[in-house]
Amino acid sequence: MLPFTGPVYFSLLASYNADLWPAQIFAYGLAIVALAMACRPFPGSGRAVSALLAASWIAIGLAFHLDRFAGITFAAPAYGALFILQGLLFLWTGTARGAFRIGLRSDTTGLAGLALAIYALTLYPLAAWLQGHGWPMTPLVGLSGAPTTIFTIGLLLLGRGRIPYHLLAIPVLWSLIAGAHAAVLGIAEDIALPLAGLGGLAFAFRRNLAARRAERRARQTG
Amino acid sequence: MQNTETTLDRRAMLASMGAFALGGLRCAPAMAAPLHMRTVPATGEALPAIGMGSWITFNVGEDPALRAERAKVLEAFFARGGTLIDSSPMYGSSEAVIGHCLDALDRPPAFAATKVWTWLTMNGPDQMETSRGLWGVDRFDLMQIHNLVSWEGHLETLREDKAEGRIRYIGVTTSHGRRHDELEAIMESEAIDFVQLTYNVTDRAAEERLLPLAADRGIAVIVNRPFRGGGLFDALERTPLPGWADEIDAANWAQIFLKFIVSHPAVTCAIPATSRVDHMHENMGALTGALPDAGLRRRMIRDIEAL
C-alpha cells in the first residue's frame, strides 16, 4: 500500500517539472546525444555515455527522490540511495574503468535496446500525454525515474560484448518497484516498465550467454 | 467502556445546518441529535466514537488546491462533532497538511493524536518535536508508538513526556491484525492509556483476546482500517443495504461498518480516513442514531460474510 494517490503523485511531478524548467530540454538533448554516441560509437564513447547516465541517475536521486518524493513517502530516501548508487556504478564501471563499451549491433539485443531507448524518448511521453498526464505532469528522460530507467536499459543493451549485470541490476529492480507503484496508482504508461526491465534482463542474459560461448570457442580454437 | 451521549455544541450545530442547507446531504444529521460518546478509562474524558484517520488521504504534499480540499474535509469533521485526529510521521506530508488545515480553519485540534515512528529511540524526541511544529500544537493529547517500533525505548521517553506535560496519554499501535501476541503482552505488562488496532466486520481477530483485555485493563481502543482500506466498499458498493440497516439508522454502508465497530463495548473510537467532504458526512453520520445490539451484531456478521 502506497501512502499517496495518483493525483498527488502527478501534482508533485508537475511542481518538480515546473521548478526545473527548462532543465528538461538540456537533459533531453543530452539523452539524444547519448543515443547518437551509441549508434555512432567512437573511442571513449562508452565512458561519455556512462558519465551522462551517471549524471542523470544522481540528479534524479537527489532532486526528485530525496528533495521532493521524500515529502510524500517514507521510502523515498531508500529510492534516492538506489539512484545515486546506480550513478556511482556508472561512473566507476563505465567512466573510470572504461568497462562499458557501447555501439549498436544489428543483433536482436541491440535492436531491442534501440527500440527501448527510442520508446523512452518518444512514445513514453506520448503515452503519458494520452493518459491525461501532459506537461508539466509528464515524466521525461533525464530527470524522471521511469523513462530514464527504460532509456538506460535500452542503452545497456546497446553495449558491445558482455553487458555488465551489476549495471543492469538497479534499473531492473526499479522497473519492478515503479511498475508495482504504477499498478497500484493506475498509471497506464508505466506498465511498460516491468516489461522493459525483465525483457532487458532476458536480452542481456542471451547476449552474455552467446558471448561466453564465443569466448569458449575462441579459447578452444586458439 | 462507558457509553454516553452528548449533543452537538452550538458552533458545530450551526455548521451542520449550513452543510445541510448547502448540500442537501441525505446523511446530514438530525439536528441536535445526541452523539455517541465513549470515555477514556484512564481519566473519564469523553470522546466522540468516530474520529478521523489521515493515512493517504491527507498526504497531498504542497499542492494548494488539494490542501484547500482537505481543509473542507476537516471543517466538515469538526462541524459534525469530531474531535480526535490521528496521524503519523510515516504518513508523508499528512502532519504538515493537518497543521495547514487547522491554521486555515483557525482552530486547534480538540484531540490531537500522532505517533512516534523511528527505530532509533534517541531520535524519538526530535521526531515528536517536529510533529508538534507541523501540527502547530504545544502538546499532543495522545502519542502512540507506531506499529510497536522500538517500543521499549520509546515507552520510557513517553513516560517522561507525560510526566512533563508534553503529552496527556500514551498509546501503542498495530494494524492489519499483525503482532497481536506482542501487543497483548504489552497491554498486560505496561501502563498504557490507549491501543490502536485493526477491527472491522470482517477482520475480527481482536475480539478474541485484545478487546476483552483492553476492557479488563482499562485501556482505550482506537480502531483503524474500519473499511479494510476501502476493500469493504469494493466488495459491497453495488449491494443494496440490508433490511436491518433501518434498525440502526444507517443510511449507507459506511455507517453500517462504523456502527458495527463502535457498538463493541470495548471500542472507544473508530478512525475512518477520507479525502471527500460527502464521505466525511457519511462517516460522521454513524455518530448518531441507534447502534446494533449483540444479536444484531451477530446477524450483521452473518449477512455481510454471506454477501
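Conventions and cut-offs
Residues numbered from 1 in each chain as written. Chains lettered and ligands numbered in written order. Predicted model: local features only at pLDDT ≥ 70, side-chain atom pairs only at ≥ 80, totals over all residues. Heavy atoms only, no water. Helix = DSSP H or I, 4+ residues; strand = E, 2+ residues; numbered from the N terminus. Rg over C-alpha atoms; globule rule 2.2 N^0.38 Å. Buried < 20%, exposed > 50% of the residue type's maximum accessible area, 1.4 Å probe, protein only. Contact = heavy atoms within 4.5 Å. Areas by Shrake-Rupley, 256 points an atom, 1.4 Å probe, with all protein chains shown as cover. Lys, Arg positive; Asp, Glu negative; His and termini not counted. Charge placed at Lys NZ, Arg CZ, Asp CG, Glu CD. Right-handed = clockwise from strand over helix to strand, strands pointing away. Pairing = 2+ DSSP bridges. Salt bridge = Lys/Arg side-chain N within 4 Å of Asp/Glu carboxyl O. Expected span 1.5 Å × (residues − 1). Core = buried A, V, L, I, M, F, W, Y, C linked by side-chain atoms within 4.5 Å. Axes fitted to C-alpha atoms, helices over the stretch in contact; angles between N-to-C directions. Parallel < 35°, antiparallel > 145°, perpendicular 65-115°, else oblique. Left-handed = near helix turned anticlockwise from the far one by under 90°. Nonpolar A, V, L, I, M, F, W, Y, C, P; charged D, E, K, R; others polar. Buried area = accessible area lost by both parts, 1.4 Å probe. Polar contact = N/O pair within 3.5 Å; in protein donor to acceptor, adjacent residues only side chain to side chain. pLDDT = per-residue confidence, 0-100.

## Some thoughts on the overall build of chain A
Inference 1: Across its full length, chain A carries eight helices and zero strands.
Inference 2: Listed N to C, the secondary structure of chain A is α-α-α-α-α-α-α-α in terms of helices and strands.
Inference 3: The C-alpha atoms of chain A give a radius of gyration of 17 Å, which matches the 17 Å a tight globule of 222 residues would have.
Inference 4: Its C-alpha atoms give chain A principal-axis dimensions of roughly 60 × 30 × 30 Å.
Inference 5: In chain A, which comprises 222 residues, the share counted as buried stands at 50%.
Inference 6: Partitioning the contacts of chain A with sequence separation of at least 6, the portion at a separation of at least 24 is 79%.
Inference 7: Of the roughly 9600 Å² that chain A leaves accessible, carbon and sulfur atoms contribute 69%.
Inference 8: Between the centroid of the 15 positive side chains of chain A and the centroid of its 6 negative side chains there is a distance of 21 Å.

## Quick notes on the pairing of strand β5 (residues 111–116) of chain B
All names here are of chain B.
Inference 1: The buried count for β5 comes to six of six residues, which makes it a mostly enclosed element.
Inference 2: Neither face of β5 is exposed, since Phe111, Ala113 and Lys115 on one face and Ala112, Thr114 and Val116 on the opposite face are all buried.
Inference 3: Taken together, strand β4 (residues 84–86), helix α3 (residues 94–105) and β5 form a β-α-β motif whose crossover is right-handed.
Inference 4: Relative to strand β6 (residues 140–145), β5 is paired through four bridges, and the arrangement is parallel. By the bridge assignment for β6, Thr114 is matched with Met143.
Inference 5: You can see the chain leave β5, run along helix α4 (residues 124–135) and come back into β6, and the turn it takes is right-handed.

## Details of the pattern of salt bridges
All names here are of chain B.
Inference 1: The full count for this structure, using the stated rule, is 24 salt bridges over all chains.
Inference 2: Among the salt bridges present, the one from Lys115 reaches Asp86, with a minimum N-O distance of 2.7 Å. Here Lys115, found in strand β5, pairs with Asp86, found in strand β4; they are 29 residues apart in sequence, far enough to count as distant.
Inference 3: Of the residues examined, Asp86 reaches a relative accessible area of 1% and is grouped as buried.
Inference 4: Through salt bridges with shared partners, a single ionic network connects Arg204, Glu207, Arg297 and Glu305.

## Brief notes about helix α7 (residues 165–185) of chain A
Residues and elements named next belong to chain A.
Inference 1: If you check α7, its first and last C-alpha atoms are 30 Å apart, about what 21 residues at 1.5 Å a residue would give, namely 30 Å.
Inference 2: Along α7, the positions that sit buried rather than exposed are Leu167, Leu168, Ile170, Pro171, Val172, Trp174, Ser175, Ala178, Gly179, His181, Ala182 and Leu185.
Inference 3: Positive backbone phi, approximately 75 degrees, marks Gly186, located one or two places after α7.

## Observations regarding the nonpolar core
Inference 1: A:Phe151, A:Leu155, B:Leu74, B:Leu197 and B:Ile256 are the most contacted members of the largest nonpolar core, which totals 136 residues.
Inference 2: Aside from chain neighbours lying at most four places away, what touches B:Leu197 is B:Thr174, B:Leu183, B:Ala206, B:Leu210, B:Leu211, B:Val221, B:Ile222, B:Val223 and B:Asn224.
Inference 3: Among the nonpolar cores identified, the runner-up in size contains 12 residues, and B:Leu47, B:Ala220, B:Ile222 and B:Cys269 belong to it.

## Overview of the packing of helix α5 (residues 108–130) of chain A against helix α8 (residues 192–221) of chain A
Residues and elements named next belong to chain A.
Inference 1: Taken N-terminus to C-terminus, the directions of α5 and α8 make an angle of 155 degrees; their axes are 10 Å apart at the nearest point. In terms of orientation, α5 and α8 fall into the roughly antiparallel class. The handedness of the crossing between α5 and α8 comes out as left-handed. Of α8, the residues touching α5 (which contributes Thr108, Thr109, Gly110, Ala112, Leu116 and Tyr119) are Ala192, Ala196, Phe203, Arg206 and Arg207.
Inference 2: Classifying every residue of the contact of α5 with α8 gives six nonpolar, three polar and two charged.

## Overview of the interface of chain A and chain B
Interface size is commonly expressed as the accessible area that is lost once the parts come together.
Inference 1: Chain A puts 11 residues into the contact, and the matching count from chain B is 11 residues.
Inference 2: Between chain A and chain B, the buried area comes to about 920 Å², and carbon and sulfur atoms account for 67% of it.
Inference 3: Its largest share of buried area at the contact with chain B, chain A owes to A:Met1, A:Pro3 and A:Phe74, together 48% of the area lost on that side.
Inference 4: Counting across the interface, chain A meets chain B through zero salt bridges.
Inference 5: At the boundary of chain A and chain B, one finds four residue pairs in polar contact (both at pLDDT 80 or more).

## With respect to the confidence of the model for chain B
Residues and elements named next belong to chain B.
Inference 1: Looking at chain B, pLDDT values average 91 and 90% of them are 70 or higher.
Inference 2: Of the regions scoring below 50 in pLDDT, residues 9–30 engages in 28 contacts with residues more than four places distant in sequence or in other chains.
Inference 3: The ipTM value of the predicted complex is 0.89, and its pTM value is 0.90.

## Overview of unusual backbone geometry
With the exception of glycine, most residues fall at negative phi, and the peptide bonds are largely trans.
Inference 1: With omega at 10 degrees, the peptide bond leading from A:Trp21 into A:Pro22 counts as cis.
Inference 2: One can find A:Pro22 in the loop between α1 (6–20) and α2 (23–39).
Inference 3: Of note, the bond from A:Trp135 into A:Pro136 is cis; its omega dihedral lies within 30 degrees of zero at 5 degrees.
Inference 4: Looking at the secondary structure, you find A:Pro136 in the loop between α5 and α6 (145–157).
Inference 5: At B:Ile56, a position not held by glycine, the phi torsion is positive, near 70 degrees.
Inference 6: Tracing the sequence through the fold places B:Ile56 in the loop between β3 (46–48) and α2 (64–79).
Inference 7: Located in the positive-phi region is B:His176, a residue other than glycine, with phi close to 60 degrees.
Inference 8: Relative to the elements of secondary structure, B:His176 occurs in the loop between β7 (167–173) and α6 (180–189).

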